[in-house]
Amino acid sequence: MMIRHNLLIIVVAALFMQQAHAQYATKKIKEIHDAYTDSLKQVKYDNVFPIFGQKIYQKGFDIPYPTGIMVNYVYAKQGLIIENMRLGLKTGSVDLPLTGVDFIEFGNNYSTARTVLVRPDVWVLPFLNVYGLFGRGTSTTEVNLKFPIELKSVVDQGISSNGFGATAGGGVGPVWLALDWNITWSKPELLDKSVEVNTFGARIGHTFVNSSKPYRNIGLWVGAMSVSLGSDTVGELTLKDALPPETWERADEIVATYDDWYNHTATIAQKKIADQTIGPLVDAIGAADGSAVIRYGLDKRTKEKWNGLIGAQYQWNKNWIFRAEGGVIGDRKSLLISANWRFLL
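This section reports on the structure supplied with the text. If you're wondering where the values come from, they're calculated on a predicted model, not measured in any experiment.

## Re the nonpolar core
Counting 39 residues, the largest nonpolar core has L87, I149, L151, L239, Y258 and I285 as the members making the most contacts within it. Those residues in contact with I285, other than ones at most four positions away along the chain, are L151, L239, L243, T247, W248, A251 and I254.

## Some points on the pattern of salt bridges
Counted by the stated rule, this structure contains 11 salt bridges. When the shortest N-O distance is used, the salt bridge between E83 and R301 registers 3.3 Å. Taken together, the residues span a long stretch of sequence, with E83 in strand β1 (residues 67-90) and R301 in strand β11 (residues 293-302) at a distance of 218 residues. Here the residues in one salt-bridge network are R86, K193, D232 and D299, joined through shared partners.

## Concerning the pairing of strand β4 (residues 109-125)
Note: β1 against β4, 14 bridges, orientation antiparallel. Bridge pairing in β4 places A76 opposite A113. Alignment of β4 against strand β5 (residues 128-147), held across 13 bridges, turns out to be antiparallel. Note that in β5 the partner of D121 across the bridge is Y131.

## A word on unusual backbone geometry
Omega for the bond connecting F147 with P148 falls within 30 degrees of zero, at 10°, which places this linkage in the cis form. Tracing the backbone through its elements, the reader meets P148 in the loop between β5 and β6 (151-172). A positive phi angle, close to 55°, is found at N84, a residue other than glycine. Mapped onto the elements of the fold, N84 is located in strand β1. Located in the positive-phi region is A288, a residue other than glycine, with phi close to 55°. Mapped onto the elements, A288 comes out in the loop between α8 (278-286) and β11.

## Quick word on α8
For α8, a buried count of seven out of nine residues is recorded, marking the element as mostly surrounded by other parts of the structure. By the burial criterion, the buried members of α8 are I278, G279, P280, L281, V282, A284 and I285. Residue A288 follows α8 closely and has a positive phi angle near 55°.

## Quick word on the packing of aromatic side chains
Under the counting rule described, the total for this entry stands at 13 aromatic pairs. A centroid spacing of 5.8 Å and a plane angle of 35° characterise the contact between Y258 and Y262, whose relative ring orientation is tilted. Note that Y258 and Y262 are positioned in helix α6 (residues 251-264) at a spacing of four residues, about one turn of the helix. Residue Y258 is classed as buried on the basis of its relative accessible area of 6%. Chaining the aromatic ring pairs together yields one cluster made of F103, F147, Y258, W261 and Y262. The cationic tip of K77 hangs over the ring face of Y110; the distance from NZ or CZ to the ring centre is 4.8 Å. The aromatic ring of W316 is capped on one face by R216, whose charged end is 3.6 Å from the ring centroid.

Reading the values: the criteria
Residues numbered from 1 in each chain as written. Predicted model: local features only at pLDDT ≥ 70, side-chain atom pairs only at ≥ 80, totals over all residues. Heavy atoms only, no water. Core = buried A, V, L, I, M, F, W, Y, C linked by side-chain atoms within 4.5 Å. Buried < 20%, exposed > 50% of the residue type's maximum accessible area, 1.4 Å probe, protein only. Contact = heavy atoms within 4.5 Å. Salt bridge = Lys/Arg side-chain N within 4 Å of Asp/Glu carboxyl O. Helix = DSSP H or I, 4+ residues; strand = E, 2+ residues; numbered from the N terminus. Pairing = 2+ DSSP bridges. Phe/Tyr/Trp six-rings, centres within 6.5 Å; stacked < 30°, edge-to-face > 60°. Lys NZ or Arg CZ within 6 Å of the ring centre and 35° of its normal.

Okay, here's the thing in structure tokens:
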């Protein structure tokens, strides 16, 4: 019993927050909130989650409703580094498998996503939240080839995402620290398989409690987030879907640039690879064959793994929470807007 009691004291004293951008368990420290704190001690809490809920209420701590559904709109744009490029092509007359092209050089490449995510969650412990992620949206990928020809590909496609994650943290009074991790599998329409995305975030913030309504508050925070992508990507699409209209207008220029490189600069080894990759692609562009299918494989990673965050949240009551967070420092730019409805089961 003593060990269990001491564990509870540690849990309550050090790890009592909900999450970086939502409600968190807290004990009001202003005298004006004494009556509210006393009322919390009288609460009869008979819900299963969070574990230790009744004990925590008895000590005057306020805890969030254990279950919730959050709807998020997420916009994100980030640079991509592309490596280990492989190309193949299928037309009415050729059928070329993927072949590695080690002399291709890329410019700036970007991925932009707009997603709506539904996030059901439950507070298993006062300091540990687990959740699922289910989303649908669109993505745009821009790839800029700089050598041996200049070629831009812009691909728009639908995307579905599913995953899960957990948030843990702790705080003292109105100041809190939270750590969040999740993994999702995002499936773009034109890829052969889903892309695994691992996200980790750390946030530190301050909650300003309404002087007359202790259940109402505004939270502000700063933090950092890292994103790691599953590297291997394989897919195929028609040239008319992969290349913007201006490419076809530049077809003669592209063919001339390729021929000049091939005839005057390329090594024998490069020519051998080009004959199975870049050459047939250029021929299809020159022939305005938009139905030709380009096959591609590549390894990708984010240009910068980490970016800085700032965020704010308004908790109207224990049922409704509204939040906004922006990624404003670093290569990755993002915006998240959400509404969270919390309830007792």
